[in-house]
Amino acid sequence: MRILDQYILSRFLYNFFSSFVILMFIFIFQAIWLFIDDFAGKGLDIGIISKFFLYMMPSLSEKVMPLTVLLSSILTFGSFAENYEFAAMKASGISLQRSMLVLIVFVTFLGGVTFYFANSVIPASEQKIYNMRKNIAKVKPAAAIEEGVFSDFEGMSIKVDSKHGEKDRFLNNVIIHRKSATQVNTTVTKAKTGELISSEDSELIQLVLRDGHHYQDLTVKNGRDKLKYPFIKGEFNIYRMNIEAPQIGGEDLEADGGVSTDKMKSVGRLTKDIDSLRKDNLKIVRAFSKNISHRAGAFPIIKIDSAKINKEKELTAIDSTNLLRQPNAIETTVKSDSLNEIADVVGLYDEWQKVQLYSSAKNTVTNILSSIKGKREELDKRYEIYNRHILSLHKKYALALSCIILFFVGAPLGAIIRKGGIGLPLVIAVLLFLVYYFIGVFAENYAKQSNIHPILGAWLSTIIMLPLSIFLTNRATADKGMINFGNALDYFKKLFRKKEEIEVT
(Lines give C-alpha, C1' and ligand atoms only; values in the text may rest on other atoms or scores of the structure.)
Protein backbone atom coordinates (compact mmCIF):
# COMPACT_ATOMS: atom_id res chain seq x y z
CA MET A 1 0.00 0.00 0.00
CA ARG A 2 2.84 2.40 0.72
CA ILE A 3 4.19 1.95 -2.80
CA LEU A 4 0.73 2.68 -4.24
CA ASP A 5 0.34 5.78 -2.03
CA GLN A 6 3.76 7.03 -3.10
CA TYR A 7 2.88 6.46 -6.73
CA ILE A 8 -0.45 8.32 -6.48
CA LEU A 9 1.13 11.18 -4.50
CA SER A 10 4.03 11.54 -6.96
CA ARG A 11 1.65 11.70 -9.94
CA PHE A 12 -0.49 14.30 -8.18
CA LEU A 13 2.51 16.43 -7.13
CA TYR A 14 3.87 16.40 -10.69
CA ASN A 15 0.53 17.62 -12.05
CA PHE A 16 0.14 20.08 -9.18
CA PHE A 17 3.48 21.87 -9.57
CA SER A 18 3.40 21.88 -13.36
CA SER A 19 -0.16 23.30 -13.32
CA PHE A 20 0.81 25.88 -10.69
CA VAL A 21 3.77 27.16 -12.72
CA ILE A 22 1.76 27.37 -15.95
CA LEU A 23 -1.23 29.10 -14.32
CA MET A 24 0.96 31.55 -12.39
CA PHE A 25 2.75 32.40 -15.64
CA ILE A 26 -0.62 33.08 -17.32
CA PHE A 27 -1.93 35.24 -14.47
CA ILE A 28 1.29 37.27 -14.31
CA PHE A 29 0.98 38.05 -18.01
CA GLN A 30 -2.62 39.08 -17.38
CA ALA A 31 -1.42 41.43 -14.63
CA ILE A 32 1.25 42.87 -16.96
CA TRP A 33 -1.46 43.53 -19.54
CA LEU A 34 -3.60 45.32 -16.94
CA PHE A 35 -0.76 47.49 -15.61
CA ILE A 36 1.08 48.19 -18.88
CA ASP A 37 -0.52 51.65 -19.22
CA ASP A 38 0.57 52.60 -15.70
CA PHE A 39 4.26 51.79 -16.21
CA ALA A 40 4.99 52.25 -19.92
CA GLY A 41 6.87 55.43 -20.83
CA LYS A 42 7.16 56.79 -17.28
CA GLY A 43 10.89 56.45 -16.72
CA LEU A 44 10.75 53.40 -14.44
CA ASP A 45 13.61 50.93 -14.75
CA ILE A 46 13.07 47.21 -15.27
CA GLY A 47 14.15 46.43 -11.69
CA ILE A 48 11.30 48.40 -10.14
CA ILE A 49 8.74 46.88 -12.52
CA SER A 50 10.05 43.34 -11.88
CA LYS A 51 9.94 43.86 -8.13
CA PHE A 52 6.35 45.13 -8.39
CA PHE A 53 5.17 41.99 -10.18
CA LEU A 54 7.20 39.81 -7.81
CA TYR A 55 5.24 41.30 -4.92
CA MET A 56 2.02 40.63 -6.82
CA MET A 57 2.63 36.87 -7.06
CA PRO A 58 1.34 36.07 -3.52
CA SER A 59 -1.86 38.01 -4.24
CA LEU A 60 -2.33 36.11 -7.49
CA SER A 61 -2.00 32.83 -5.61
CA GLU A 62 -5.52 33.40 -4.21
CA LYS A 63 -6.80 32.67 -7.71
CA VAL A 64 -4.10 30.23 -8.80
CA MET A 65 -4.18 27.84 -5.81
CA PRO A 66 -7.85 26.70 -6.02
CA LEU A 67 -7.63 26.34 -9.81
CA THR A 68 -4.39 24.37 -9.48
CA VAL A 69 -5.93 21.91 -7.00
CA LEU A 70 -8.97 21.46 -9.23
CA LEU A 71 -6.97 20.97 -12.43
CA SER A 72 -4.30 18.68 -10.95
CA SER A 73 -6.91 16.41 -9.31
CA ILE A 74 -8.84 16.11 -12.60
CA LEU A 75 -5.61 15.37 -14.51
CA THR A 76 -4.40 12.77 -12.01
CA PHE A 77 -7.58 10.74 -11.61
CA GLY A 78 -8.58 11.22 -15.25
CA SER A 79 -5.26 9.71 -16.27
CA PHE A 80 -5.75 6.78 -13.85
CA ALA A 81 -9.19 6.06 -15.31
CA GLU A 82 -8.06 6.47 -18.93
CA ASN A 83 -5.14 4.06 -18.50
CA TYR A 84 -7.35 1.50 -16.67
CA GLU A 85 -5.29 1.90 -13.51
CA PHE A 86 -8.49 2.35 -11.54
CA ALA A 87 -9.80 -0.90 -12.92
CA ALA A 88 -6.66 -2.65 -11.67
CA MET A 89 -7.05 -1.01 -8.24
CA LYS A 90 -10.69 -2.08 -7.96
CA ALA A 91 -9.74 -5.62 -9.05
CA SER A 92 -7.22 -5.63 -6.19
CA GLY A 93 -9.92 -4.54 -3.74
CA ILE A 94 -8.81 -0.88 -3.51
CA SER A 95 -11.76 1.53 -3.55
CA LEU A 96 -11.81 5.11 -4.78
CA GLN A 97 -11.83 6.47 -1.22
CA ARG A 98 -8.78 4.38 -0.32
CA SER A 99 -6.87 5.62 -3.36
CA MET A 100 -7.77 9.19 -2.45
CA LEU A 101 -6.69 8.83 1.20
CA VAL A 102 -3.07 9.94 0.80
CA LEU A 103 -4.15 12.89 -1.32
CA ILE A 104 -6.83 13.88 1.22
CA VAL A 105 -4.10 14.10 3.85
CA PHE A 106 -1.90 16.13 1.50
CA VAL A 107 -4.69 18.52 0.46
CA THR A 108 -5.67 19.04 4.11
CA PHE A 109 -2.06 19.96 4.85
CA LEU A 110 -2.10 22.19 1.76
CA GLY A 111 -5.21 23.94 3.11
CA GLY A 112 -3.36 24.72 6.34
CA VAL A 113 -0.37 26.06 4.39
CA THR A 114 -2.73 28.15 2.25
CA PHE A 115 -4.31 29.67 5.36
CA TYR A 116 -0.89 30.54 6.77
CA PHE A 117 0.03 32.03 3.40
CA ALA A 118 -3.17 34.11 3.31
CA ASN A 119 -2.67 35.22 6.91
CA SER A 120 1.02 36.17 6.78
CA VAL A 121 2.57 36.32 3.30
CA ILE A 122 -0.25 37.95 1.31
CA PRO A 123 -0.74 40.86 3.80
CA ALA A 124 3.01 41.53 3.71
CA SER A 125 3.05 41.53 -0.11
CA GLU A 126 0.04 43.88 -0.21
CA GLN A 127 1.90 46.23 2.11
CA LYS A 128 4.94 46.12 -0.17
CA ILE A 129 2.82 46.89 -3.24
CA TYR A 130 1.12 49.82 -1.50
CA ASN A 131 4.43 51.28 -0.31
CA MET A 132 5.93 50.92 -3.79
CA ARG A 133 3.03 52.78 -5.39
CA LYS A 134 3.34 55.50 -2.79
CA ASN A 135 7.12 55.82 -3.08
CA ILE A 136 7.07 55.89 -6.90
CA ALA A 137 4.63 58.81 -6.78
CA LYS A 138 6.81 60.66 -4.24
CA VAL A 139 10.30 60.03 -5.58
CA LYS A 140 9.24 60.23 -9.25
CA PRO A 141 6.13 62.44 -9.29
CA ALA A 142 6.57 63.09 -13.02
CA ALA A 143 6.03 59.37 -13.63
CA ALA A 144 2.32 59.99 -13.08
CA ILE A 145 2.24 62.64 -15.86
CA GLU A 146 2.57 61.53 -19.47
CA GLU A 147 3.73 63.76 -22.29
CA GLY A 148 1.18 64.97 -24.83
CA VAL A 149 -1.93 63.55 -23.12
CA PHE A 150 -4.14 64.51 -20.18
CA SER A 151 -3.35 62.66 -16.95
CA ASP A 152 -6.28 62.45 -14.54
CA PHE A 153 -5.85 63.39 -10.89
CA GLU A 154 -8.34 63.97 -8.09
CA GLY A 155 -10.79 66.42 -9.68
CA MET A 156 -8.43 67.73 -12.40
CA SER A 157 -6.47 66.80 -15.53
CA ILE A 158 -2.89 67.85 -16.38
CA LYS A 159 -1.21 67.89 -19.80
CA VAL A 160 2.40 68.81 -20.62
CA ASP A 161 4.22 68.97 -23.93
CA SER A 162 7.55 67.71 -22.61
CA LYS A 163 9.51 66.86 -19.44
CA HIS A 164 13.22 67.24 -18.73
CA GLY A 165 15.77 67.60 -15.95
CA GLU A 166 16.44 65.46 -12.90
CA LYS A 167 13.61 62.93 -12.42
CA ASP A 168 11.67 64.79 -15.16
CA ARG A 169 10.72 67.48 -12.67
CA PHE A 170 10.67 70.40 -15.17
CA LEU A 171 7.60 70.72 -17.42
CA ASN A 172 6.92 72.73 -20.57
CA ASN A 173 3.56 74.17 -21.74
CA VAL A 174 1.38 73.04 -18.84
CA ILE A 175 -2.44 72.94 -19.18
CA ILE A 176 -4.62 72.14 -16.15
CA HIS A 177 -8.39 71.57 -16.24
CA ARG A 178 -10.22 71.61 -12.91
CA LYS A 179 -13.59 69.90 -12.62
CA SER A 180 -16.59 71.04 -10.62
CA ALA A 181 -18.80 68.82 -8.44
CA THR A 182 -20.83 67.99 -11.57
CA GLN A 183 -17.67 66.87 -13.42
CA VAL A 184 -17.68 69.91 -15.73
CA ASN A 185 -14.45 71.72 -16.70
CA THR A 186 -15.01 75.20 -15.24
CA THR A 187 -11.40 76.26 -14.61
CA VAL A 188 -8.42 76.28 -16.99
CA THR A 189 -4.86 77.17 -16.01
CA LYS A 190 -2.06 77.53 -18.59
CA ALA A 191 1.62 78.15 -17.98
CA LYS A 192 4.77 78.20 -20.13
CA THR A 193 6.84 76.22 -17.60
CA GLY A 194 6.30 74.25 -14.44
CA GLU A 195 8.28 72.43 -11.78
CA LEU A 196 7.35 69.48 -9.58
CA ILE A 197 8.76 69.61 -6.04
CA SER A 198 8.26 66.57 -3.81
CA SER A 199 9.59 65.19 -0.55
CA GLU A 200 9.64 61.69 0.86
CA ASP A 201 8.41 63.12 4.19
CA SER A 202 5.28 64.71 2.69
CA GLU A 203 2.10 63.31 1.15
CA LEU A 204 1.80 66.37 -1.13
CA ILE A 205 3.51 67.41 -4.35
CA GLN A 206 4.03 71.11 -5.01
CA LEU A 207 3.53 72.25 -8.59
CA VAL A 208 5.11 75.65 -9.30
CA LEU A 209 3.81 77.30 -12.50
CA ARG A 210 5.45 80.30 -14.16
CA ASP A 211 4.32 82.84 -16.79
CA GLY A 212 0.70 81.86 -17.31
CA HIS A 213 -2.92 82.86 -17.00
CA HIS A 214 -6.00 81.58 -15.24
CA TYR A 215 -9.58 81.29 -16.58
CA GLN A 216 -12.69 80.35 -14.62
CA ASP A 217 -16.41 80.17 -15.53
CA LEU A 218 -18.70 81.79 -12.97
CA THR A 219 -21.71 79.94 -11.66
CA VAL A 220 -24.65 82.33 -11.12
CA LYS A 221 -28.31 81.72 -10.34
CA ASN A 222 -29.71 84.42 -12.61
CA GLY A 223 -29.28 84.22 -16.39
CA ARG A 224 -28.91 88.01 -16.67
CA ASP A 225 -25.96 87.99 -14.28
CA LYS A 226 -24.33 85.34 -16.47
CA LEU A 227 -24.27 87.82 -19.37
CA LYS A 228 -22.75 90.53 -17.16
CA TYR A 229 -20.16 88.34 -15.41
CA PRO A 230 -19.47 85.29 -17.60
CA PHE A 231 -15.96 84.44 -16.36
CA ILE A 232 -12.87 85.53 -14.44
CA LYS A 233 -9.47 85.85 -16.12
CA GLY A 234 -6.14 86.66 -14.53
CA GLU A 235 -2.41 86.43 -15.21
CA PHE A 236 0.41 85.36 -12.92
CA ASN A 237 4.17 85.21 -12.82
CA ILE A 238 4.39 82.41 -10.22
CA TYR A 239 1.49 80.20 -9.12
CA ARG A 240 1.93 77.40 -6.56
CA MET A 241 -0.39 74.41 -6.26
CA ASN A 242 -0.40 71.54 -3.77
CA ILE A 243 -1.68 68.24 -5.17
CA GLU A 244 -1.95 64.81 -3.57
CA ALA A 245 0.65 62.24 -4.50
CA PRO A 246 -1.11 59.98 -7.03
CA GLN A 247 -1.02 56.22 -6.65
CA ILE A 248 0.03 54.28 -9.70
CA GLY A 249 -2.47 51.57 -10.58
CA GLY A 250 -5.54 52.92 -8.81
CA GLU A 251 -6.78 54.12 -5.46
CA ASP A 252 -7.23 52.31 -2.16
CA LEU A 253 -10.65 53.12 -0.68
CA GLU A 254 -9.61 52.53 2.94
CA ALA A 255 -6.18 54.24 2.64
CA ASP A 256 -5.77 56.68 5.53
CA GLY A 257 -2.33 58.20 5.47
CA GLY A 258 0.08 55.46 6.42
CA VAL A 259 -2.64 53.12 7.72
CA SER A 260 -2.77 49.63 6.27
CA THR A 261 -5.86 48.41 4.42
CA ASP A 262 -7.92 45.31 5.19
CA LYS A 263 -5.87 43.21 2.74
CA MET A 264 -2.69 44.04 4.68
CA LYS A 265 -3.92 42.67 8.02
CA SER A 266 -3.72 39.28 9.69
CA VAL A 267 -6.60 37.46 11.38
CA GLY A 268 -5.79 38.86 14.81
CA ARG A 269 -5.57 42.43 13.56
CA LEU A 270 -8.76 42.07 11.50
CA THR A 271 -10.71 40.71 14.48
CA LYS A 272 -9.62 43.61 16.65
CA ASP A 273 -10.33 46.22 13.96
CA ILE A 274 -13.76 44.75 13.16
CA ASP A 275 -14.80 45.14 16.79
CA SER A 276 -13.45 48.71 16.89
CA LEU A 277 -15.16 49.69 13.62
CA ARG A 278 -18.48 48.23 14.79
CA LYS A 279 -18.37 50.17 18.05
CA ASP A 280 -17.35 53.41 16.30
CA ASN A 281 -20.15 53.08 13.73
CA LEU A 282 -22.76 52.43 16.43
CA LYS A 283 -21.48 55.40 18.43
CA ILE A 284 -21.74 57.69 15.38
CA VAL A 285 -25.26 56.46 14.55
CA ARG A 286 -26.48 56.96 18.12
CA ALA A 287 -24.95 60.43 18.41
CA PHE A 288 -26.42 61.49 15.06
CA SER A 289 -29.89 60.11 15.84
CA LYS A 290 -29.86 61.91 19.19
CA ASN A 291 -28.83 65.15 17.47
CA ILE A 292 -31.60 64.80 14.86
CA SER A 293 -34.17 64.10 17.58
CA HIS A 294 -33.23 67.30 19.41
CA ARG A 295 -33.26 69.34 16.20
CA ALA A 296 -36.69 67.98 15.27
CA GLY A 297 -38.05 68.85 18.72
CA ALA A 298 -38.78 65.24 19.65
CA PHE A 299 -39.25 64.35 23.29
CA PRO A 300 -37.41 61.45 24.92
CA ILE A 301 -39.40 58.33 25.71
CA ILE A 302 -40.07 58.09 29.44
CA LYS A 303 -40.43 54.63 30.92
CA ILE A 304 -43.47 54.29 33.16
CA ASP A 305 -43.28 52.43 36.46
CA SER A 306 -46.48 50.36 36.67
CA ALA A 307 -46.10 49.75 40.41
CA LYS A 308 -45.92 53.49 41.06
CA ILE A 309 -49.03 54.13 38.93
CA ASN A 310 -51.04 51.48 40.81
CA LYS A 311 -50.01 53.02 44.12
CA GLU A 312 -51.09 56.49 42.96
CA LYS A 313 -54.46 55.07 41.85
CA GLU A 314 -55.00 53.56 45.29
CA LEU A 315 -54.19 56.88 46.97
CA THR A 316 -56.52 58.70 44.60
CA ALA A 317 -59.34 56.27 45.40
CA ILE A 318 -58.83 56.80 49.16
CA ASP A 319 -58.85 60.58 48.73
CA SER A 320 -62.06 60.47 46.68
CA THR A 321 -63.74 58.36 49.39
CA ASN A 322 -62.73 60.88 52.06
CA LEU A 323 -64.08 63.74 49.95
CA LEU A 324 -67.46 62.01 49.65
CA ARG A 325 -67.62 61.62 53.41
CA GLN A 326 -66.88 65.32 54.00
CA PRO A 327 -69.88 67.48 53.12
CA ASN A 328 -67.85 70.70 52.88
CA ALA A 329 -65.34 69.26 50.42
CA ILE A 330 -64.50 71.39 47.38
CA GLU A 331 -65.37 69.74 44.06
CA THR A 332 -62.71 70.09 41.38
CA THR A 333 -62.95 69.23 37.71
CA VAL A 334 -60.09 68.78 35.30
CA LYS A 335 -60.62 69.72 31.64
CA SER A 336 -59.20 67.38 29.00
CA ASP A 337 -56.70 68.74 26.46
CA SER A 338 -58.58 70.41 23.62
CA LEU A 339 -55.54 70.55 21.26
CA ASN A 340 -55.78 67.22 19.46
CA GLU A 341 -54.42 68.12 15.99
CA ILE A 342 -51.70 70.31 14.43
CA ALA A 343 -54.37 72.60 12.97
CA ASP A 344 -55.61 73.34 16.50
CA VAL A 345 -52.11 74.50 17.50
CA VAL A 346 -51.65 76.62 14.35
CA GLY A 347 -55.06 78.17 14.86
CA LEU A 348 -53.83 79.86 18.03
CA TYR A 349 -51.61 82.22 15.97
CA ASP A 350 -52.32 85.14 13.64
CA GLU A 351 -52.05 84.82 9.86
CA TRP A 352 -48.60 86.44 9.60
CA GLN A 353 -47.36 84.21 12.40
CA LYS A 354 -48.72 81.14 10.63
CA VAL A 355 -46.61 81.98 7.55
CA GLN A 356 -43.50 82.27 9.69
CA LEU A 357 -44.37 79.04 11.49
CA TYR A 358 -44.79 77.03 8.26
CA SER A 359 -41.64 78.57 6.75
CA SER A 360 -39.60 77.75 9.84
CA ALA A 361 -40.92 74.17 9.85
CA LYS A 362 -40.11 73.75 6.14
CA ASN A 363 -36.55 75.06 6.60
CA THR A 364 -36.05 72.80 9.60
CA VAL A 365 -37.20 69.71 7.71
CA THR A 366 -35.06 70.62 4.66
CA ASN A 367 -31.96 71.07 6.84
CA ILE A 368 -32.61 67.81 8.65
CA LEU A 369 -33.02 65.90 5.36
CA SER A 370 -29.79 67.43 4.00
CA SER A 371 -27.95 66.41 7.17
CA ILE A 372 -29.36 62.88 6.95
CA LYS A 373 -28.34 62.58 3.28
CA GLY A 374 -24.77 63.71 4.00
CA LYS A 375 -24.46 61.47 7.04
CA ARG A 376 -25.85 58.54 5.07
CA GLU A 377 -23.08 58.88 2.47
CA GLU A 378 -20.50 58.99 5.25
CA LEU A 379 -21.99 55.94 6.97
CA ASP A 380 -22.17 54.04 3.67
CA LYS A 381 -18.40 54.48 3.28
CA ARG A 382 -17.74 53.54 6.90
CA TYR A 383 -19.90 50.42 6.66
CA GLU A 384 -18.24 49.48 3.36
CA ILE A 385 -14.89 49.56 5.15
CA TYR A 386 -16.42 47.49 7.96
CA ASN A 387 -17.80 44.95 5.46
CA ARG A 388 -14.44 44.75 3.67
CA HIS A 389 -12.74 43.80 6.94
CA ILE A 390 -15.26 41.01 7.60
CA LEU A 391 -14.83 39.79 4.01
CA SER A 392 -11.05 39.73 4.28
CA LEU A 393 -11.24 37.81 7.56
CA HIS A 394 -13.54 35.06 6.29
CA LYS A 395 -11.94 34.84 2.84
CA LYS A 396 -8.76 33.59 4.53
CA TYR A 397 -10.67 30.64 5.99
CA ALA A 398 -12.74 30.14 2.83
CA LEU A 399 -9.60 30.00 0.66
CA ALA A 400 -8.12 27.21 2.77
CA LEU A 401 -11.34 25.19 2.78
CA SER A 402 -11.97 25.76 -0.93
CA CYS A 403 -8.76 23.88 -1.78
CA ILE A 404 -10.13 20.80 0.03
CA ILE A 405 -13.63 21.07 -1.46
CA LEU A 406 -12.36 21.61 -5.02
CA PHE A 407 -10.21 18.50 -4.63
CA PHE A 408 -13.37 16.50 -3.92
CA VAL A 409 -14.87 18.08 -7.04
CA GLY A 410 -11.88 17.40 -9.32
CA ALA A 411 -10.85 13.91 -8.19
CA PRO A 412 -14.21 12.14 -8.73
CA LEU A 413 -14.84 14.23 -11.85
CA GLY A 414 -11.57 12.97 -13.34
CA ALA A 415 -12.58 9.39 -12.52
CA ILE A 416 -15.97 9.95 -14.22
CA ILE A 417 -14.83 11.61 -17.45
CA ARG A 418 -11.86 9.19 -17.77
CA LYS A 419 -9.68 11.62 -19.69
CA GLY A 420 -6.13 12.68 -18.88
CA GLY A 421 -3.76 15.22 -20.36
CA ILE A 422 -4.32 18.83 -21.38
CA GLY A 423 -7.61 19.00 -23.24
CA LEU A 424 -11.05 18.17 -21.92
CA PRO A 425 -9.87 18.17 -18.25
CA LEU A 426 -8.48 21.70 -18.67
CA VAL A 427 -11.73 22.93 -20.25
CA ILE A 428 -13.86 21.43 -17.48
CA ALA A 429 -11.53 22.77 -14.77
CA VAL A 430 -11.59 26.28 -16.23
CA LEU A 431 -15.40 26.25 -16.56
CA LEU A 432 -15.87 25.08 -12.97
CA PHE A 433 -13.36 27.60 -11.70
CA LEU A 434 -15.06 30.45 -13.61
CA VAL A 435 -18.36 29.54 -11.97
CA TYR A 436 -16.64 29.42 -8.57
CA TYR A 437 -14.76 32.68 -9.17
CA PHE A 438 -17.60 34.77 -10.60
CA ILE A 439 -20.01 33.69 -7.88
CA GLY A 440 -17.39 34.83 -5.36
CA VAL A 441 -16.90 38.17 -7.15
CA PHE A 442 -20.64 38.91 -7.34
CA ALA A 443 -21.18 37.88 -3.72
CA GLU A 444 -18.25 40.02 -2.59
CA ASN A 445 -19.54 43.10 -4.41
CA TYR A 446 -23.02 42.63 -2.95
CA ALA A 447 -21.54 42.18 0.53
CA LYS A 448 -19.50 45.40 0.30
CA GLN A 449 -22.71 47.35 -0.38
CA SER A 450 -24.49 45.57 2.53
CA ASN A 451 -26.93 43.85 0.16
CA ILE A 452 -25.99 40.50 1.71
CA HIS A 453 -24.13 39.67 4.89
CA PRO A 454 -20.31 39.85 4.45
CA ILE A 455 -19.85 36.36 5.92
CA LEU A 456 -22.19 34.92 3.28
CA GLY A 457 -20.36 36.92 0.61
CA ALA A 458 -17.06 35.33 1.59
CA TRP A 459 -18.40 31.76 1.81
CA LEU A 460 -21.06 31.63 -0.93
CA SER A 461 -18.91 30.19 -3.75
CA THR A 462 -17.42 27.57 -1.41
CA ILE A 463 -20.87 26.63 -0.07
CA ILE A 464 -22.18 26.14 -3.62
CA MET A 465 -19.26 23.85 -4.50
CA LEU A 466 -19.81 21.68 -1.40
CA PRO A 467 -22.97 19.83 -2.58
CA LEU A 468 -21.37 19.40 -6.03
CA SER A 469 -18.37 17.69 -4.42
CA ILE A 470 -20.66 15.35 -2.44
CA PHE A 471 -22.69 14.52 -5.55
CA LEU A 472 -19.64 13.77 -7.72
CA THR A 473 -17.96 11.70 -5.00
CA ASN A 474 -21.08 9.55 -4.63
CA ARG A 475 -21.37 9.09 -8.40
CA ALA A 476 -17.70 8.13 -8.75
CA THR A 477 -17.88 5.74 -5.78
CA ALA A 478 -20.87 3.98 -7.33
CA ASP A 479 -19.00 3.89 -10.68
CA LYS A 480 -21.72 5.91 -12.41
CA GLY A 481 -21.38 8.56 -15.07
CA MET A 482 -22.25 12.21 -14.75
CA ILE A 483 -25.73 11.99 -16.28
CA ASN A 484 -27.41 9.00 -17.84
CA PHE A 485 -28.97 10.59 -20.90
CA GLY A 486 -30.71 7.34 -21.84
CA ASN A 487 -32.69 7.20 -18.59
CA ALA A 488 -33.53 10.88 -18.95
CA LEU A 489 -34.90 10.34 -22.48
CA ASP A 490 -36.91 7.33 -21.33
CA TYR A 491 -38.42 9.42 -18.55
CA PHE A 492 -39.57 12.15 -20.93
CA LYS A 493 -40.93 9.54 -23.39
CA LYS A 494 -43.06 8.05 -20.60
CA LEU A 495 -44.41 11.51 -19.75
CA PHE A 496 -45.45 12.17 -23.37
CA ARG A 497 -47.04 8.71 -23.65
CA LYS A 498 -49.12 9.32 -20.54
CA LYS A 499 -50.33 12.66 -21.93
CA GLU A 500 -51.29 11.03 -25.25
CA GLU A 501 -53.22 8.23 -23.46
CA ILE A 502 -55.09 10.80 -21.36
CA GLU A 503 -56.05 12.78 -24.48
CA VAL A 504 -57.30 9.63 -26.26
CA THR A 505 -59.43 8.52 -23.32
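Further up the page is the structure itself.
Residue positions are given per chain, counted from 1 along the sequence in the order it is written. In keeping with the predicted nature of the model, local features appear solely for residues at pLDDT of at least 70, side-chain atom pairs appear and are counted solely at 80 or more, and the whole-chain, interface and lining totals rest on all residues. Remark: hydrogens and water are excluded; side-chain values derive from all non-hydrogen atoms of the structure.

A.B. asks: I'd love a proper account of helix α10 (residues 424-448), names of residues and values included.
C.D. replies: Segments assigned H or I by DSSP are reported as helices when at least four residues long, segments assigned E as strands when at least two residues long, and all are numbered from the N terminus. The span one expects for a helix is its residue count, reduced by one, times 1.5 Å. Over its 25 residues, α10 extends 36 Å from the first C-alpha to the last, a length consistent with the 36 Å expected when each residue adds 1.5 Å. Relative accessible area decides the class of each residue, using a 1.4 Å probe on protein chains only: under 20% of the type maximum gives buried, over 50% gives exposed, and in between gives partly exposed. Those residues of α10 that fall on the buried side of the exposure criterion are P425, I428, A429, L432, F433, Y436, G440, A443, E444, A447 and K448. Contact criterion: two residues are considered in contact whenever any of their non-hydrogen atoms come within 4.5 Å of each other. In this structure, the buried side of α10 is in contact with α2 (46-82), α9 (351-417) and α11 (454-477). Remark: S450 follows α10 within two positions and exhibits a positive phi of approximately 65°.

A.B. asks: Which residues make up the packing of α2 against α10, and what values do they have?
C.D. replies: Between N-to-C directions, angles cover 0 to 180 degrees, with each direction set by a line fitted to C-alpha atoms, over the stretch in contact for helices. Two numbers describe how α2 lies on α10: the axes approach to 9 Å, and their chain directions differ by 145°. The handedness of the crossing between α2 and α10 comes out as right-handed. Residues K63, P66, L67, L70, L71, I74 and L75 of α2 form the contact with α10, whose participating residues are P425, L426, I428, A429, L432, F433, Y436 and Y437. In this classification, Asp, Glu, Lys and Arg are treated as charged, Ala, Val, Leu, Ile, Met, Phe, Trp, Tyr, Cys and Pro as nonpolar, and every other residue, Gly included, as polar. For the contact of α2 with α10, the residue count by class is 14 nonpolar, no polar and 1 charged. Handedness of a crossing follows from how the near helix is turned relative to the far one, being left-handed for an anticlockwise turn of less than a right angle and right-handed for a clockwise one.

A.B. asks: Provide a residue-level description of the packing of α9 against α11, including the pertinent values.
C.D. replies: Between α9 and α11, the shortest axis-to-axis distance is 8 Å and the interhelical angle comes to 15°. Classified by the angle their axes make, α9 and α11 are roughly parallel. Considering how the two elements wind past one another, α9 and α11 form a crossing that is left-handed. By residue class, the composition of the contact of α9 with α11 is 21 nonpolar, 7 polar and 2 charged. Put simply, angles under 35 degrees are roughly parallel, angles over 145 are roughly antiparallel, angles from 65 to 115 are roughly perpendicular, and the rest are oblique.

A.B. asks: Go over the packing of aromatic side chains, please, and point to the residues and values.
C.D. replies: Only Phe, Tyr and Trp rings take part, Trp by its six-membered ring, and two of them pair if their centres are within 6.5 Å. Stacked means planes under 30 degrees apart, edge-to-face means over 60, and tilted covers everything else. Per the stated rule, a full pass over the model turns up 16 aromatic pairs. Seen in terms of ring centroids, F433 and Y436 are 6.1 Å apart; in terms of plane orientation they differ by 40°. Their pairing is tilted. Of this pair, F433 and Y436 are both found in helix α10, 3 residues apart, which corresponds to roughly one turn of the helix. An identical accessibility class is assigned to F433 and Y436; each is buried. Of the aromatic side chains, those joined through ring pairs into one cluster are Y7, F12, F16, F17, F77, F80, F106, F407 and F408.

A.B. asks: If you had to explain the environment of R418 to someone new, which residues and values would you point to?
C.D. replies: One can find R418 in the loop between α9 and α10. Sequence separation between R418 and F80 is 338 residues; the distance between their C-alpha atoms is 7.6 Å. Every residue in contact with R418, bar those within four places of it in the chain, is listed here: G78, A81, E82 and D479.

A.B. asks: Account for empty space enclosed by the protein, naming residues and giving values.
C.D. replies: If you roll a probe as big as a water molecule over the atoms, it shows you where there is empty space left. As defined here, a cavity is a set of points on a 1 Å grid over the protein atoms alone where a 1.4 Å probe fits but cannot get out. A pocket is an open set with protein on both sides within 12 Å along at least five of seven lines, and residues line them when an atom is within 4 Å of a point. Grid points are joined across faces, edges and corners, and a volume is the space filled by probe spheres set on the points. Inspection of every chain in the model, using the stated rule, returns 1 cavity of 30 Å³ or more. Taken together, S61, E62, M65, T114, F117, A118, I122 and L399 form the lining of the largest cavity. Contributing elements (two or more residues each) for the lining of the largest cavity: α2 and α4 (96-139). Per-element tally for the lining of the largest cavity: the top contributor is α4, with 4 residues. Tallied by class, the residues present in the lining of the largest cavity amount to 5 nonpolar, 2 polar and 1 charged.

A.B. asks: Please give an account of the nonpolar core that cites residues and values.
C.D. replies: To define a nonpolar core, start from buried Ala, Val, Leu, Ile, Met, Phe, Trp, Tyr and Cys residues and group those joined through side-chain atoms within 4.5 Å. Membership of the largest hydrophobic core comes to 47 residues, with the highest contact counts inside it found for L70, F77, F86 and F407. Secondary-structure elements contributing two or more residues to this core are α1 (2-39), α2, α3 (85-91), α4, α9, α10 and α11. A per-element tally of this core places α2 first, with 12 residues. Among all residues touching F86, those that are not within four sequence positions of it are F77, F80, A81, L96, S99 and A415. Core analysis: the next-biggest nonpolar cluster, separate from the first, contains 15 residues, M156, L196, L207 and I243 among them.

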